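Observations on the three-dimensional arrangement
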Amino acid sequence: MSKYHPLTEQEAISIARNIPGIFSGEGELSCREIGDGNLNLVFHVSQASTGASLIVKQALPYAKVVGESWPLSLDRARIESEALIIEARLAPGLVPKVYHTDHELALTVMEDLSSHVIMRQGLIDGGVYPLFAEHISDFLAKTLFYTSDLGMNQQEKKVLARSFSNPDLCKITEDLIFDHPYTNADTNSFDPHLQEDADRLWSDAELHLEVALLREKFLTHAQALLHGDLHTGSIFITEQSTKVIDPEFAYFGPIGFDIGAVLANLLLHYASQEHWSTDAASRSERRQYLISTIREVWTGFERKFRVLWNEHGTDRIAKTAGYQDHYMNRLLQDTVGFTGAKMARRIVGLAHVADIDRIPDADVRATAQRLALAIGTNLIKQNRQVSSIEELIDIAVTAS
Ligand code: ADP
Ligand code: MG
Ligand code: MG
Ligand code: MG
């Protein structure tokens, strides 16, 4: 019989106490559950006498969304911990340290990052993160290059991909990002003032064709090991440090999906400046900062990915003249399309972002929502024509 059961705080303390090298044998430990409880439990265990602390994250066997609940594989906890360990090896310093894993209990014991803030909240509070683009482009280039057919043995990649097949969590993405927002689905949720915008989205055949092509890539293009859920709520940040958490959606998919997740959340925040900036001058300044960050994330990623390819590429045929440029251009187009898809679903689909949902005034919120939707749908429609990051930036700036 499986020993799985949701932990109590006392049990989380017992597990924490057995991790070597963190706590002193003397002082008492205390524990708080700090997760939002929809999919996972997150226990923060600390020792007042030494100031030491750690996190115990445990998967729950179901997802709870607006009162409803559906079963969800506990195997995602193994996937999360194995992805964190691979990411730590490929991109040192950019993920929390993993101290211990227990696949039967579906848990990962890891470094406490409470000295950082969740980037979504940090941005809402007006934070500026000068090293973010450098750090996240490093994370993206290294984790994606070294798990692709360009940077790893192609037979070993196929074997590794077996243990990251992750059907349950991919299904969430396939439904909530690539299907439901484009039809009158029960899971959708949006402000009533957006009904006409939603109707337009549901009847736009040109848009649906592009979504079908993007969905096909998500379903079939096992390009590299993705994080799979790389929004600003999965990034802990300070001015000096960036740490990526929560890779439970990891699987072998199209590289542009991870880059698009980062850019989409920067653009959702860009749209939310309708509220968070109090006057036109500060709004313009804030938006310029976000646009520079977007530019630096892409150009940093592209430069680093090409250097890795040129210096560590293992494959002869991949050195064929013209192939790298062709490949990078397709990555850019995929990034643009997935950026758009990840924006649109946050406005009409099931899960929203606090940047926009927390805008108190309904008219201001509607302006931000329509701006995000306009940017998102334009990016989706134009993704296959784009040949430079400046075109993505133009689409955002022109819409606002
Ligand atoms: P979920 O998969 O349920 O979204 P996350 O891994 O995103 O879980 O964690 C949920 C929340 O728990 C985070 O937003 C953060 O507040 C807290 N948390 C998670 N991991 C850590 C950590 N390593 N250090 C400190 N807090 C954490
Ligand atoms: Mg959550
Ligand atoms: Mg999360
Ligand atoms: Mg998660």
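Residues numbered from 1 in each chain as written. Chains lettered and ligands numbered in written order. Predicted model: local features only at pLDDT ≥ 70, side-chain atom pairs only at ≥ 80, totals over all residues. Heavy atoms only, no water.

Here we come to helix 13 (residues 362–382). With 21 residues, helix 13 extends 30 Å from end C-alpha to end C-alpha; this agrees with the ideal 30 Å at 1.5 Å per step. Along helix 13, the positions that sit buried rather than exposed are Arg365, Ala366, Ala368, Gln369, Leu371, Ala372, Leu373, Ile375, Gly376, Thr377, Leu379 and Ile380. Capping the start of helix 13 is the job of one residue whose side-chain oxygen sits 2.9 Å from the backbone nitrogen of Asp363: Asp361. (Helix = DSSP H or I, 4+ residues; strand = E, 2+ residues; numbered from the N terminus. Expected span 1.5 Å × (residues − 1). Buried < 20%, exposed > 50% of the residue type's maximum accessible area, 1.4 Å probe, protein only. Polar contact = N/O pair within 3.5 Å; in protein donor to acceptor, adjacent residues only side chain to side chain.)

Every protein donor of the magnesium ion (ligand 4) is accounted for by Asp246 (OD), Asp246 (OD) and Glu248 (OE), and the metal-donor separations fall at 1.9 to 2.4 Å. Separating the magnesium ion (ligand 4) from the magnesium ion (ligand 2) is a distance of 5.3 Å. For the pair formed by Asp246 and Glu248, the shared burial category is buried. (Donors = N, O, S within 2.8 Å, 3.2 Å for Na, K, Ca; no water.)

When its domains are assigned, the chain resolves into domain 1 (9–111) and domain 2 (117–399). Relative placement of domain 1 and domain 2: their C-alpha centres are 27 Å apart. Tallying the contact residues gives 23 residues for domain 1 and 25 residues for domain 2. Interface area, domain 1 with domain 2, both sides summed: about 2000 Å², of which 70% is carbon and sulfur. Together, Ile79, Leu90 and Leu94 form the three largest contributors to the area buried by domain 1 at its contact with domain 2, with a combined 31%. Where domain 1 packs against domain 2, one counts two salt bridges. The residue Arg76 makes a salt bridge to Glu248 at a minimum N-O spacing of 3.0 Å. (Domains from an automatic or database assignment. Contact = heavy atoms within 4.5 Å. Buried area = accessible area lost by both parts, 1.4 Å probe. Salt bridge = Lys/Arg side-chain N within 4 Å of Asp/Glu carboxyl O.)

A separate point is empty space enclosed by the protein. Tallied over the full model, the rule gives two cavities of 30 Å³ or more. Approximately 40 Å³ is the volume attributed to the largest cavity. What lines the largest cavity is simply Asn40, Lys57, Gln58, Ala59, Arg76, Ala77, Glu80, Ala106, Leu107, Thr108 and Glu248. Among the elements of the structure, strand 3 (53–59), helix 2 (75–90) and strand 7 (107–111) are those that each provide at least two residues to the lining of the largest cavity. In the lining of the largest cavity, the residues fall into four nonpolar, three polar and four charged. What the second largest cavity holds in volume is close to 30 Å³. Around the second largest cavity, the lining residues are Glu87, Thr143, Thr147, Leu225, Leu226 and His227. Of the residues contributing to the lining of the second largest cavity, the split by class is two nonpolar, three polar and one charged. (1 Å grid on protein atoms, 1.4 Å probe; cavity = no way out; pocket = protein on both sides within 12 Å on 5 of 7 lines; lining within 4 Å. Points joined across faces, edges and corners; volume = space filled by probe spheres on them. Nonpolar A, V, L, I, M, F, W, Y, C, P; charged D, E, K, R; others polar.)

All right, on to the pattern of salt bridges then. In a structure, side chains of opposite charge can pair up when their charged atoms sit close to one another. Within the structure shown, the criterion is met by 23 salt bridges. Note that Lys57 and Asp246 form a salt bridge whose closest N and O atoms lie 2.8 Å from each other. One end of the pair, Lys57, is in strand 3; the other, Asp246, is in the loop between strand 11 (242–244) and strand 12 (251–253), and 189 residues separate them in sequence. In this structure Lys57 comes out as buried when scored by relative accessible area, which is 10%.

Take the side chain of Thr339 next. In this fold, Thr339 is placed in helix 11 (residues 323–348). Classification of Thr339 by relative accessible area gives buried; the value is 0%. If sequence neighbours within four positions are ignored, Thr339 has contacts with Gly260, Leu263, Ala264, Leu267, Leu379 and Leu392.

Right, let's talk about the site of ligand 1 for a bit. By nearness alone, 15 residues border ligand 1, and Asn40, Lys57, Leu113, Asp246 and Glu248 come closest of all. Glu248 places a side-chain nitrogen or oxygen 2.7 Å from an oxygen atom of ligand 1. Contact with the protein chains covers 84% of the free accessible surface of ligand 1, which is 540 Å². Its atoms largely coinciding with the cavity grid, ligand 1 occupies the largest pocket. For the shell around ligand 1, the elements supplying multiple residues, two or more each, are strand 2 (40–46), strand 3 and strand 7. (Near = heavy atom within 4 Å. Areas by Shrake-Rupley, 256 points an atom, 1.4 Å probe, with all protein chains shown as cover. Sits in = over half its atoms within 2 Å of the grid points.)

Along the polypeptide, Ala205 turns up in helix 8 (residues 205–220). Taking the C-alpha atoms as reference points, Ala205 and Asp102, separated by 103 residues in sequence, lie 47 Å from one another.

With that out of the way, let us pick up the packing of helix 8 against helix 11. It is at 10 Å that the axes of helix 8 and helix 11 come closest, and there the two elements cross at 110°. Comparing the axis directions of helix 8 and helix 11 gives the class roughly perpendicular. Contact residues: Leu214, Lys217 and Phe218 in helix 8; Asp334, Gly337 and Phe338 in helix 11. In terms of residue class, the contact of helix 8 with helix 11 is built from three nonpolar, one polar and two charged. (Axes fitted to C-alpha atoms, helices over the stretch in contact; angles between N-to-C directions. Parallel < 35°, antiparallel > 145°, perpendicular 65-115°, else oblique.)

Turning to the layout of surface pockets, a few remarks are in order. Looking at the largest pocket, its volume works out to about 1400 Å³. Lining the largest pocket we find 45 residues, and of these Asp36, Asp229, His231, Gly233 and Asp246 sit closest to its centre. Mapped onto the lining of the largest pocket, the elements with two or more residues apiece are strand 2, strand 3, strand 4 (62–65), strand 7, helix 6 (167–176) and helix 11. Per-class residue counts for the lining of the largest pocket are 22 nonpolar, 10 polar and 13 charged. Both of domain 1 (9–111) and domain 2 (117–399) provide at least three residues apiece to the lining of the largest pocket.

Let us look at the side chain of Asp355. Note on placement: Asp355 falls in helix 12 (residues 354–357). Asp355 sits in the buried class, given a relative accessible area of 0%. Among the polar contacts made by the side chain of Asp355, one reaches the side chain of His269 at a distance of 3.0 Å. Excluding residues within four positions of it along the chain, Asp355 makes contact with Arg120, Ile124, His269, Ser272 and Trp276.

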